[in-house]
Amino acid sequence: LNDIKWGASQTVQVAIGQSITVVTPAAVSRYVAALGNGGKVYNLMIVDSITSPDGDIVSQRTPSMMNQFEGAEVYLPYILEGMKGVVDDSGTAEKYFRGWAYSNSICAKTGTAEVTTIDLENNAWFVMLAPKEKPEIAVVVFIPSGFSGGEASMAAREFVGWYMDQKTLRTTNP
């Protein structure tokens, strides 16, 4: 930090997630999940339960809310509509979702975190919520030196496609 001469350009870069902004994929997943669940920010849990070899639940953790976005009921519909635009005809990830079965059912955001002036070192971010109307799943993909956020979208698309296909299978009567 001592090497950075802070000025207006640094302030702008940090505001859009560039420069010295440091965030983990886990932190981003909590934020994206909060966008999908009405603004409730939950504490992160990696393990929600422990099951014995016999199938008995030995330990069960209950999610606990850490915070609530103020004004979520006003602002979230606009944010989600903007995220829907990322995969529609004019979006930054449109070419990766053109013709995909679930493209009308998702909200997403691409991100390209510039590390240096060399494009190949840009970190690629992609976040997605599905289904759009009542999100059940939040996916975050981070690829170091991944070039651009659109490139990271393919992994999210494959995972959410699998999830949605499985959901259809679970609700289909034999």
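Keep in mind that what you see is a predicted model, and the values were worked out from it rather than measured. (Residues numbered from 1 in each chain as written. Predicted model: local features only at pLDDT ≥ 70, side-chain atom pairs only at ≥ 80, totals over all residues. Heavy atoms only, no water.)

(A) Spotlight on unusual backbone geometry. Cis geometry is found at the peptide bond from A130 to P131, where omega equals -20°. Position of P131 among the secondary structure elements: in the loop between strand 6 (123-130) and strand 7 (137-143). In this model, S145 sits at a positive phi of 55°, which is unusual for a non-glycine residue. Inspection of the secondary structure puts S145 in the loop between strand 7 and helix 5 (149-171). Residue S145 is classed as partly exposed on the basis of its relative accessible area, which comes to 45%. Even without glycine at this site, F147 takes up a positive phi of about 80°. A relative accessible area of 42% places F147 in the partly exposed class. (Helix = DSSP H or I, 4+ residues; strand = E, 2+ residues; numbered from the N terminus. Buried < 20%, exposed > 50% of the residue type's maximum accessible area, 1.4 Å probe, protein only.)

(B) Region of the structure containing helix 2 (residues 25-36). Under the 1.5 Å per step criterion, the end-to-end length of helix 2 is 16 Å for 12 residues, consistent within 8% with the ideal 16 Å. The set of residues buried in helix 2 consists of V28, V32, A34, L35 and G36. Along its buried surface, helix 2 packs onto strand 1 (40-42), helix 3 (72-84), strand 6 and strand 7. Following helix 2 by one or two positions, G38 adopts a phi angle in the positive range, close to 90°. (Expected span 1.5 Å × (residues − 1). Contact = heavy atoms within 4.5 Å.)

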